[in-house]
4 protein chains.
Amino acid sequence: MKFSFKNDYSEGCHLNILTALLNHNSDQQAGYGEDQYSLEAKNLIRQKIKSDSDIYFVSGGTQANLLVISSILKPYQCVISAATGHILNNETGAIEATGHKILSIDKEDGKLTPEDIIPVLENHKNIPHQVMPKLVYVSNSTELGTVYTLTELEKLSAFCKENHLYIFMDGARMGHGLTAEISDLTLEKVAQLTDVFYLGGTKNGALIGEAIVINNNELRQDFAFNIKQRGALLAKGRLLGIQFLELMKEDLYFELAAHANRQAMKIKKALKERGAKFLSDTYTNQIFPILSNSLIEKLSEKFEFYVWKKIDDDFSAIRIITSWNTADEPVDEFIEIINNEI
Amino acid sequence: MKFSFKNDYSEGCHLNILTALLNHNSDQQAGYGEDQYSLEAKNLIRQKIKSDSDIYFVSGGTQANLLVISSILKPYQCVISAATGHILNNETGAIEATGHKILSIDKEDGKLTPEDIIPVLENHKNIPHQVMPKLVYVSNSTELGTVYTLTELEKLSAFCKENHLYIFMDGARMGHGLTAEISDLTLEKVAQLTDVFYLGGTKNGALIGEAIVINNNELRQDFAFNIKQRGALLAKGRLLGIQFLELMKEDLYFELAAHANRQAMKIKKALKERGAKFLSDTYTNQIFPILSNSLIEKLSEKFEFYVWKKIDDDFSAIRIITSWNTADEPVDEFIEIINNEI
Amino acid sequence: MKFSFKNDYSEGCHLNILTALLNHNSDQQAGYGEDQYSLEAKNLIRQKIKSDSDIYFVSGGTQANLLVISSILKPYQCVISAATGHILNNETGAIEATGHKILSIDKEDGKLTPEDIIPVLENHKNIPHQVMPKLVYVSNSTELGTVYTLTELEKLSAFCKENHLYIFMDGARMGHGLTAEISDLTLEKVAQLTDVFYLGGTKNGALIGEAIVINNNELRQDFAFNIKQRGALLAKGRLLGIQFLELMKEDLYFELAAHANRQAMKIKKALKERGAKFLSDTYTNQIFPILSNSLIEKLSEKFEFYVWKKIDDDFSAIRIITSWNTADEPVDEFIEIINNEI
Amino acid sequence: MKFSFKNDYSEGCHLNILTALLNHNSDQQAGYGEDQYSLEAKNLIRQKIKSDSDIYFVSGGTQANLLVISSILKPYQCVISAATGHILNNETGAIEATGHKILSIDKEDGKLTPEDIIPVLENHKNIPHQVMPKLVYVSNSTELGTVYTLTELEKLSAFCKENHLYIFMDGARMGHGLTAEISDLTLEKVAQLTDVFYLGGTKNGALIGEAIVINNNELRQDFAFNIKQRGALLAKGRLLGIQFLELMKEDLYFELAAHANRQAMKIKKALKERGAKFLSDTYTNQIFPILSNSLIEKLSEKFEFYVWKKIDDDFSAIRIITSWNTADEPVDEFIEIINNEI
């Protein structure tokens, strides 16, 4: 069996979660997110962000995205997203299926700035013949593994406020984004600078679960109805509550993400030392090294990963993703092959 | 802490499931339902129904209902349901949110017959000014705890076929329906007599999970797209696969449901012996006894349950639900109070 | 060729409209409702209702209904309507197609009262598992030809305000409702007592056209976007503007409706004098007399109309609709047959 | 009052239409498109295309587009369009509001070829995480005034067939496209080479009205339900029937479009003789000449038109649209100014 670097959801969950599920298994709890674990987990998150935001746990990222966006927007309003946005490429039209257009902006690094958005607003002034841009969707870390700095997010957030745009941060990999060595952003700041964001559990040690955090008061009303209506309200909400309770205790969430980042950075460092180039300069658990096809073939004998992009006849970029659970052995073995071959 | 008879999703899950989650936790598996556990679990179900039906696991009942219905119907087609149908009353308009009307038929026992449906078809012939009835939604066991017999389902199924209607069975409590002492229906027969059905895990010992089974060939194409688009595709599909694998092995699924039914029937028997009446004559894990308000108050000191309906100034109907995990102690204690008080 | 009493949209339009279309045909005008005729027609309506309401012209009643309702409601909110409501029976699920459930209330006269609505609100308190009732839909005149009195509408309107419900009046036959001999309601009062209503042109002398009038400030924002998005914004808005300008000038609109009502009342009077009974006691342009099948057959030789309902083996109710264009001759001839036969 | 070259829907309609409306005004006709004029008009169209296609009249282009697309596609299927497509830019997200994504392809001339579509198909193979491309949307004449040749449409049509894609032609300006001097396409060929198309009346001499023509048998079933459900079914369908009957008689439709084209070509010729350049080389009723800002200012004193695009500090492109009703006088006067100024 080859070791897989294909994604960060190949394994089960952190053992603390399974232990907690076992310990609390016979408790009788209220359903639909009213269990005590969910309530406690929400309080832990509120403490971390120093805000009384409304919090809801749902099972996955596409679900979180479609719930938040369809709940915020009026029928004629639309989303602005980088062209690399998960909602544009990997969600089978889930946002459009709720009736909303996504306007796409090409960006090499997958990050949006006010300068990117200004022309989109300029080009949407033929009222009422065009959709109204209303929500800016950003991911952190992005789909390319890059991260927003505090200054970048502050500028973007201020711009959105001035232009009556909401800002929503997809945090499927929020832990990885915030614990990247070059990140100066904190969860507390994210809560201050966005209208809504979510904390991804699925890609960071949970079995399932994303925590939607609604900071903007205007957007809080009646959100629970949307969750139920879209089929996203689990009868046994305890499954989500127990997981986030464990992840939030003693910052396990951030430790797991930092671990994943470290493992990727070890590989990155080894490759750099051997002179390899990268598609983009990332500091989270995704790296995109450009390797010779013969090396890729060699690595493929022991590891699974995606060949991301053909560069020329001899070289291709591959994607390596590490996870909360990636042990040292496969990383070391991967590096060893590199060192032997380059 | 009072013991709760409020529903069948108050506790965690069967221990076999937690053990299996633990045993398989460090395996690397393909995501999105392509893991080996999901594949094995689907094969077990196919063996039980003796059919090569397409099978998909999703997290909950409302999700299963809206996925199946929105996937089958064209925009102008609608659903026929008993007025007690879960989709009509307890899903926050989830079906209408996908664009489809539900036509409601009043039925005391929550079960539909061809005779109920004929006038609905008659009243929808003003083409194209009315929706086109196309799918009959039935639940087994029903929301009232009643069950379909083989003959009843055969008649309904034949009627639907003649009238070009699809028949979809909501099996959130399929286990309870099929293991009711008065039921002569089997899962194999359900598969033969419906176009689509689902097997509910959430209310029968799983943490989450319903298995959608698509029997009709016409309806199979591209269903996976819908699951992803509605945000119902779990990255760690293993969570669903492992659970259904455990439930399907050695018929644990049916044993758990039969246990829940037995516990409810014990209480029913005790009440009957004391002369109590019931709102409806049920044989599954839901009973609706009519009790004096003083007895209800007495029982409320030790137990939680819903007061369902006021009968007169002195009597009300309550709803008692037992589960796969309801031990003998609370049942015996409940019966003892009854015996002392009536 | 038989004369048709089947509906009030069998003929073209009032000649003033065709004359105006001809007179203004070669003018160049701005598109999409910004033409001078539309602006003038809106001002005339505003003068009549003594309110600065927002006004939009669209082509038909189903379009007006779906636009207003989908624009007002959030995804989880629903409509309350009498079971006879046009939106429930004759619009091919147009409202549900925009994602919203309609809760139906059985009423013999097709009119809603606060007492009808209270239990619906009571039965929708299981948050968030049920849709949230938010908009009350009423028709005047109703689909059964009945009308709201001032007092009735005042009570209903006050109740809605107290309960945070919007009230929307379908006025496909508003002219007929307000000019009914027993009506003490005025257009000005309708504007004061509803959040939104519309004035139907199609059934009262126009080729197409309904004037949506938005009285509630909260609901005015960005409505034009919805019109465009639903495909309801005509490039040549002049077609709607010119028609409503003609209809509103010197109250032609109300004269046409009063004429239609008078013709129906003549037939009603004749039938009453001969002892005929009616399905409901109406005072607008729809009557539902109960006649012997032999008389119905006799009348069918010269006239077209719908046989509405079988009463017994010998008698049926028919529906007779008169229009703005129904001349005296067919009415007199119809009455003569009755007088000869009964 | 300045003469407007801003669009082709500034005036009323061809006088034949008003005359026919007047002549038939007092006829009693069946509603909802079952009138004799609609039936006759449909037969005339069928004769012209030599096909028994299903035909429906609706009021406008956005309505036609959203009806056709939402009727053809399953929820997870999407549209492919040139970036200039009307559905992408000028319909307020009408297509997305029905749940479907549009994939955009940048093309300078607004026309799609198989080579444009191949990479889109290649990039949408990550099943089920991406939408499924299923319908190719083309306009003729395009939004830029360009036209498809027979060979181009034949290639595109064959490619679509091979790849199981439907092809839908937006014919809001079909008349102009087919009567362009460089066009070798006929309406009969359009019917053979597309699954669905529509003939635009609004921009070619009608008050309102587009004729949707469904050629592919698979797509015909139950289309009328969609029309009603989307609020697009006019009670007085006669208004549409009478107009198309007049336009189709003796090819008035094509004469009107040819006239509009000729008037634009006169201006184009005059400009070319004076050495003017154009944004694109068009042969229909839209031209985009690049003029000096001083000339534009001069022309603006007597004419209205859109300044389309700044070229440099001294020059801009303007858009001139002529219509079925553009007389010689304004065209000659416009040319005279040009000749005096350049």
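Residues numbered from 1 in each chain as written. Chains lettered and ligands numbered in written order. Predicted model: local features only at pLDDT ≥ 70, side-chain atom pairs only at ≥ 80, totals over all residues. Heavy atoms only, no water.

As recorded in an unreviewed UniProt entry, chain A goes by Aminotransferase class V-fold PLP-dependent enzyme and comes from Chryseobacterium shandongense. Looking at chain A in UniProt, the text filed under Cofactor (unreviewed entry) is "pyridoxal 5'-phosphate". Turning to chain A, the UniProt annotation filed under Sequence similarities (unreviewed entry) states: "Belongs to the threonine aldolase family." (UniProt positions renumbered as here; feature names shortened; annotations may be inferred.)

Trainee: Would you mind showing me how to read unusual backbone geometry here?
Mentor: Peptide bonds are mostly trans, and most non-glycine residues show a negative phi. With an omega of 0 degrees, the peptide bond between Ile 127 of chain B and Pro 128 of chain B qualifies as cis. Take Pro 128 of chain B: it is sitting in the loop between helix H6 (114–122) and strand E5 (132–139). Even without being a glycine, Asp 222 of chain C presents a positive backbone phi close to 65 degrees. Considering the arrangement of structural elements, one finds Asp 222 of chain C in the loop between strand E8 (210–214) and helix H10 (223–229). For Glu 250 of chain D, which is not glycine, the phi dihedral falls at a positive 50 degrees. Mapped onto the secondary structure, Glu 250 of chain D falls in the loop between helix H11 (238–248) and helix H12 (252–273). (Helix = DSSP H or I, 4+ residues; strand = E, 2+ residues; numbered from the N terminus.)

Trainee: Explain the domain arrangement of chain A here, please?
Mentor: Often the size quoted for an interface is simply the accessible area lost on bringing the parts together. Residue and element names in this part refer to chain A. According to the domain assignment, chain A contains domain 1 (3–8 + 253–341) and domain 2 (15–251). The C-alpha-based centres of domain 1 and domain 2 are spaced at 28 Å. Here domain 1 packs against domain 2, burying approximately 2000 Å² in sum over the two surfaces, 57% of which is carbon and sulfur. Broken down residue by residue, the surface that domain 1 buries against domain 2 is led by Tyr 253, Phe 254 and Tyr 283, which jointly contribute 40%. Summed over the shared surface of domain 1 and domain 2, the number is 1 salt bridge. Residue Arg 173 is joined to Asp 8 by a salt bridge in which the shortest nitrogen-to-oxygen separation is 2.7 Å. Ranked by residues supplied to the side of domain 1 that touches domain 2, first place goes to helix H12 (residues 252–273) with 9 residues. When the residues that make up the side of domain 1 that touches domain 2 are grouped by side-chain class, the tally is 11 nonpolar, 6 polar and 2 charged. (Domains from an automatic or database assignment. Buried area = accessible area lost by both parts, 1.4 Å probe. Salt bridge = Lys/Arg side-chain N within 4 Å of Asp/Glu carboxyl O. Nonpolar A, V, L, I, M, F, W, Y, C, P; charged D, E, K, R; others polar.)

Trainee: Got a minute to help me understand the sheet that holds E8 of chain C in this structure?
Mentor: Pairing between the strands of a sheet comes from backbone hydrogen bonds, and it takes one of two forms, parallel or antiparallel. Residues and elements named next belong to chain C. Strand order across the open sheet formed by 7 strands is E2-E8-E7-E6-E5-E3-E4, with mixed pairing between neighbours. The open sheet has two free edges, formed respectively by strand E2 (54–58) and strand E4 (102–105), since each of these has just one partner strand. The sheet shows a mean angle of 20 degrees between the axes of neighbouring strands, taken without regard to direction. Bridge count for strand E3 (residues 77–82) against E4 is 4 bridges, and the pairing is parallel. Bridge pairing links Val 79 to Ile 102 in E4. Contacts between helix H2 (residues 36–49) and the sheet are confined to E2, strand E7 (196–200) and E8, with E2 contributing the most and set at about 125 degrees to the helix. (Pairing = 2+ DSSP bridges. Axes fitted to C-alpha atoms, helices over the stretch in contact; angles between N-to-C directions. Contact = heavy atoms within 4.5 Å.)

Trainee: Explain the relation of the copies chain A and chain B here, please?
Mentor: For these two chain copies, the linking operation is a rotation about an axis paired with a shift along it. Rotating chain A by 180 degrees and moving it 0.0 Å along the rotation axis overlays it on chain B with an RMSD of 0.0 Å. Those values place the two copies in the arrangement expected of a two-fold rotation axis. Most of the interface of chain A is mirrored in chain B: 100% of its interface residues are interface residues there too. (Least-squares fit on C-alpha atoms with pLDDT ≥ 70 in both.)

Trainee: For this particular structure, what's the right way to read the interface of chain A and chain C?
Mentor: On the side of chain C, 18 residues touch chain A, which itself brings 18 residues to the contact. Of the roughly 1800 Å² buried between chain A and chain C on both sides combined, carbon and sulfur atoms contribute 64%. For the chain A face of the interface with chain C, the top three residues by lost area are Tyr 76, Pro 128 and Phe 225 of chain A, together amounting to 37%. No other element matches the 5 residues that helix H10 (residues 223–229) of chain A contributes to the side of chain A that touches chain C. Taken together, the residues that form the side of chain A that touches chain C break down as 9 nonpolar, 6 polar and 3 charged.

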